[in-house]
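# Per-entry structural report
Given next are the chains, with one letter for each unit.
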Amino acid sequence: MHTSIPATLAVEGQTRVVHRGRSLIYFGGCDYLRLSVHPAVTAAAGDATARGLGVAASRLTTGNDPSLVTCERELARFFQAEACVLTATGYMANLALGQALAGRFTHVLIDERAHVSLRDAAAMMGATVREFRHVDADGLEKVFLELPSGAKAVVMTDGMFPLDGVVPPLAEYRSRLGPEVEWWIDDCHAAGTLGQRGRGSIEYHGGLGKGVYQIITLSKALGSFGGAVLADRQTIRELWRKSRSFAGSSPPPLPLVAAARQSLRVLAAEPERIKRLQENGLWVKRRLHEAGILDVVSPGPMFLVTPKSASERHRVRRRLLASGIYPSFIHYPGTAEGGAWRFAISSEHRPVELALLVQALKG
Ligand SMILES: Cc1ncc(COP(=O)(O)O)c(C=O)c1O
């Protein structure tokens, strides 16, 4: 799958990277709102650094710093969940929830292109795992109708798919399967990017009711580092009690928790940043759709372009570099065998930078 170790890149300001000594416009990564370089966010991390880097202990022993609890309360309020628990990463958030929910369900129904951390979590739950066709309500319903009577099912899916920004029809899923089924939404890419206030899938779909577990990361649109599970109080209590990965690891570093808390304040104070991200993404995607380069205009700020041949790949690479754009070609689970271009638009790209990308891709 991986042909080589990728080249090094150093972030330079809000929309550029330095690659092989050259400053280039950057349309990669997942720092969609560029909060990792927001002055208030970096200042919050700096202030907290002066008080110490981490707790050097599991939360279950002596590592339960009050700022972790405050951050959890703020995340729960922001995402409108009953309760929250922080984990070292978003990947670990899925694993920790998987261990907490082990034994609760007889069946897991999982989108065939779900993130690897969801798959790993599914494997820990002691349930029968069934895949359904990618973002397909008919496919999900078909798999559901095949379940034996008395089955207790949870559906696992990304709330926004990381490579192409596709959003599954969660409200439609829910209405097809009824209220008994529960929902495990990996919102690592939707948190901060979907919905008017950046609350992710649940806001975007107008609320999903009860029985929803939402996984987020602090390491993408929130510009910091760490992960979190948002759920009902009882589930979060069980996670504290039952999750081995949570018990046996340290929480995220405190300066990064402080940074994430500041990012939440920025999101609340600057909703126009989220609007700009959504508008920028749609502007680029609509142009590329009109040019026949994209089949669909998905809601997320990222998209994939798969070259049809090695020569096309080289041509596009040359055009991107000639336009001063970093050629973000990736080999990653979910891309075609030879890899693909993945571009991510940010709230901070200027119209001239967006136009350059469109022009370079159109050729
Ligand atoms: C859909 C999805 N879930 C979970 C993760 C894991 O998040 P983190 O980087 O915080 O471990 C990622 C990140 O790559 C992701 O794309």
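Keep in mind it's a predicted model, so treat the numbers as computed, not measured.

With respect to the helices and strands, the residue tryptophan 183 is situated in strand β8 (residues 182–186). Judged by its relative accessible area of 1%, tryptophan 183 is buried. Taking the C-alpha atoms as reference points, tryptophan 183 and proline 252, separated by 69 residues in sequence, lie 26 Å from one another.

This part covers the pattern of salt bridges. Per the counting criterion, the structure on display carries 19 salt bridges. Here arginine 176 and aspartate 138 are joined by a salt bridge, their closest N and O atoms 2.7 Å apart. Of the two residues, arginine 176 sits in helix α6 (residues 170–177) while aspartate 138 sits in helix α5 (residues 137–145), which places them 38 residues apart along the sequence. It is possible to trace a salt-bridge network through shared partners that takes in Asp138, Glu141, Glu172 and Arg176.

This part is about the domain arrangement of the protein. Taken domain by domain, the protein consists of domain 1 (10–30 + 271–362) and domain 2 (39–269). Centre-to-centre, using C-alpha coordinates, domain 1 lies 27 Å away from domain 2. Each partner contributes to the roughly 1500 Å² buried at the junction of domain 1 and domain 2, and carbon and sulfur atoms together form 65% of this total. Of all residues in domain 1, the largest losses of buried area upon contact with domain 2 belong to Cys30, Ile274 and Met302, amounting jointly to 34% of the total for that side. Run the count over domain 1 and domain 2 and you get 0 salt bridges. Our enumeration of links across domain 1 and domain 2 arrives at 7 residue pairs in polar contact (both at pLDDT 80 or more). Counting residues per element, the ones that place at least two in the side of domain 1 that touches domain 2 are α11 (271–290) and β11 (302–305). With 7 residues, α11 is the largest single contributor of residues to the side of domain 1 that touches domain 2. Split into classes, the residues belonging to the side of domain 1 that touches domain 2 amount to 12 nonpolar, 5 polar and 4 charged.

A few words now on the nonpolar core. Core analysis: the biggest nonpolar cluster contains 36 residues, and Leu75, Leu86 and Ile216 have the highest contact counts within it. Elements with a contribution of two residues or more to this core: α1 (39–49), α2 (66–79), β4 (83–87), β10 (227–231), α10 (254–269) and α11. At 7 residues, α10 tops the list of elements feeding residues into this core. Counting only domains with at least three residues in this core, you end up with domain 1 (10–30 + 271–362) and domain 2 (39–269). Grouped together as the second largest cluster of nonpolar side chains are 27 residues, Phe105, Ala121, Trp184 and Leu239 included.

Our focus in this paragraph is the sheet that holds β8. With mixed pairing, 7 strands are arranged side by side in an open sheet as β4-β10-β9-β8-β7-β5-β6. Because the sheet does not close on itself, it has two edges, and the strands there are β4 and β6 (128–132). Neighbouring strand axes in the sheet, compared pairwise and without regard to direction, differ in orientation by 20° on average. Two elements, strand β5 (residues 107–111) and β6, share 5 bridges in a ladder whose sense is parallel. By the bridge assignment, aspartate 111 is partnered in β6 with phenylalanine 132. Running over the sheet, α6 touches β5, β6, β7 (153–158), β8 and β9 (212–217) and is turned about 160° from β8.

This part covers the side chain of histidine 349. For histidine 349, the location among the structural elements is in the loop between β13 (340–344) and α13 (351–362). Classification of histidine 349 by relative accessible area gives buried; the value is 4%. Polar side-chain contacts of histidine 349 include one of 3.0 Å to the backbone nitrogen of serine 346. Once residues lying within four places of it in the same chain are set aside, the contact partners of histidine 349 are Thr15, Ile25, Tyr26, Phe27, Arg34, Asn280, Ala344 and Leu354.

Around the ligand lies a shell of 14 residues, among which Gly90, Asp186, His189, Thr217 and Lys220 are the nearest. Tyrosine 91 is positioned with one of its backbone polar atoms (N or O) 3.0 Å from an oxygen atom of the ligand. Within the side chain of lysine 220, an N or O atom sits 3.1 Å from an oxygen atom of the ligand. Contact with the protein chains covers 85% of the free accessible surface of the ligand, which is 390 Å². Looking at side-chain class alone, the shell around the ligand contains 3 nonpolar, 8 polar and 3 charged residues.

This structure, assessed with the given rule, holds 8 aromatic pairs. Between phenylalanine 132 and tyrosine 173 the ring centres are 5.8 Å apart and the planes differ by 90°, which places this aromatic pair in the edge-to-face class. Note that phenylalanine 132 is positioned in strand β6 and tyrosine 173 in helix α6, a separation of 41 residues in sequence. Taken as a pair, phenylalanine 132 and tyrosine 173 share a single burial class, namely buried.

What follows is about α10. Along its 16 residues, α10 runs 23 Å from first to last C-alpha, staying within 8% of the 22 Å computed at 1.5 Å per residue. Among the 16 residues in α10, 12 count as buried, and that is most of the element. Among the residues making up α10, those that are buried are Leu254, Pro255, Val257, Ala258, Ala259, Ala260, Arg261, Gln262, Ser263, Leu264, Val266 and Leu267.

What counts as what
- Residues numbered from 1 in each chain as written.
- Predicted model: local features only at pLDDT ≥ 70, side-chain atom pairs only at ≥ 80, totals over all residues.
- Heavy atoms only, no water.
- Helix = DSSP H or I, 4+ residues; strand = E, 2+ residues; numbered from the N terminus.
- Buried < 20%, exposed > 50% of the residue type's maximum accessible area, 1.4 Å probe, protein only.
- Salt bridge = Lys/Arg side-chain N within 4 Å of Asp/Glu carboxyl O.
- Domains from an automatic or database assignment.
- Buried area = accessible area lost by both parts, 1.4 Å probe.
- Polar contact = N/O pair within 3.5 Å; in protein donor to acceptor, adjacent residues only side chain to side chain.
- Nonpolar A, V, L, I, M, F, W, Y, C, P; charged D, E, K, R; others polar.
- Core = buried A, V, L, I, M, F, W, Y, C linked by side-chain atoms within 4.5 Å.
- Pairing = 2+ DSSP bridges.
- Axes fitted to C-alpha atoms, helices over the stretch in contact; angles between N-to-C directions.
- Contact = heavy atoms within 4.5 Å.
- Near = heavy atom within 4 Å.
- Areas by Shrake-Rupley, 256 points an atom, 1.4 Å probe, with all protein chains shown as cover.
- Phe/Tyr/Trp six-rings, centres within 6.5 Å; stacked < 30°, edge-to-face > 60°.
- Expected span 1.5 Å × (residues − 1).

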